[in-house]
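A look at the structure
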Amino acid sequence: MSQNHNSANFKLNRGFLIAVEGIDGAGKSSLLTILTSLLTTQNLPVILTREPGGTPLGQKLRQILQERAVPACAKAEYLLFAADRAEHFETVIIPQLKLNQIVISDRMADSSLVYQGYGRGLDLTKLKFVNQWAMNNLTPDLVLYLRLDPATAYARLAQRAQILKTELSSFEKEKSDFAARIAQGFDQIFANRSDVLILDGVLTSAELAQQAAAKILELVKN
Ligand code: TYD
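In what follows, the accompanying structure is described. This one's a predicted model, so the numbers in the text were calculated from it and none came from an experiment. (Residues numbered from 1 in each chain as written. Predicted model: local features only at pLDDT ≥ 70, side-chain atom pairs only at ≥ 80, totals over all residues. Heavy atoms only, no water.)

Side note on the packing of helix α1 (residues 28-41) against helix α8 (residues 205-221)
To be explicit about the condition: A fitted line through C-alpha atoms serves as each axis, taken over the contacting stretch for helices, and the angle formed by two N-to-C directions is quoted from 0 to 180°. The secondary structure listing takes helices from DSSP runs of H or I that are at least 4 residues long and strands from runs of E that are at least 2 residues long, numbered from the N terminus. With respect to orientation, any angle under 35 degrees is reported as roughly parallel, any angle over 145 as roughly antiparallel, any angle of 65 to 115 as roughly perpendicular, and every other angle as oblique. Note on convention: near helix rotated counterclockwise from far helix by under a right angle means a left-handed crossing. Clockwise means right-handed. Throughout, a contact is declared for two residues whenever any of their heavy atoms are within 4.5 Å.
At a minimum axis distance of 8 Å, the contact between α1 and α8 shows a crossing angle of 50 degrees. The pairing of α1 with α8 is recorded here as oblique in orientation. Of the two elements, α1 crosses α8, and the hand of that crossing is right-handed. Taking contact as the criterion, the partners of Ser30, Leu31, Ile34, Leu35, Leu38 and Leu39 in α1 are, on α8, Ser205, Ala206, Leu208, Ala209, Gln210, Ala212, Ala213 and Ile216.

Structure below.
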């Protein structure tokens, strides 16, 4: 879903990497749509991308991960996300950062720590090590954590599936104790981290986008 909202008017002297994280149903997609257009109207060069699925290989991996037509153990599942990440950094994120773009990714490494670490019980140290390798030792300049309680998020997902007459994806159908571990995992890894802006998911997407845009403007203009 890489979209280039490039503008010739505003030149940054370096690229900025921003990750957007949160549980399923927290409202990342709506926030990202409004945020991207807010930044674009400020003439900022923004690339919107995602994990998994920000590259041609990633789209295939995303399909495998979402459909889960064949079983994958926790390590295999993680390594598919890591493969997606490696390809994403090599072919999209690093080249775009070199062009001084603001690269905003819908999910990144912290999703693996939470879903595969807290959710599936994989060793966090190992996940961090492989993530670093996949990311060429880069880390986001800013993480936007869209925080929402799991019950509200689930109700939103179920309502959306009903409106669209679609099935919940396999990740969305995970048992509620998994969802609770994910929510706790995000809260834990993002507590006391200076690179994280916590956004309250009960606010409207427009309000959330305003808060996020203000933080991003502060970051890139300093
Ligand atoms: P997402 O794109 O946010 O879902 P959608 O757009 O379908 O609402 O994320 C897809 C799922 O993949 C989500 O449940 C979280 C999961 N995920 C992991 O388990 N580990 C990871 O490293 C990443 C990036 C995502």
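Section: α8
Convention followed: Expected span of a helix, by definition, is 1.5 Å for each gap between consecutive residues, and there is one gap fewer than residues. Buried means the residue's accessible area, taken with a 1.4 Å probe over protein chains only, is under 20% of the maximum for its type, while exposed means over 50%, and partly exposed covers the values in between. The arc in question is traced by the directions running from the helix axis to the C-beta atoms.
End to end, α8 covers 24 Å across 17 residues, agreeing with the expected 24 Å (1.5 Å per residue, within 8%). Turning to α8, its buried residues are Leu208, Ala209, Ala212, Ala213, Ile216, Leu217 and Val220. Each buried residue of α8 lies within a common arc of 165 degrees when the element is viewed along its axis, so the set occupies one face. Where α8 is buried, its residues contact β2 (16-21), α1, β4 (102-106), β5 (142-147) and β6 (196-200).

A short note on the side chain of Ser105
Along the chain, Ser105 falls in strand β4. With relative accessibility at 0%, the residue Ser105 sits in the buried group. Setting aside chain neighbours within four positions, we find Ser105 in contact with Ile18, Ala19, Val20, Thr49, Arg50, Glu51 and His88.

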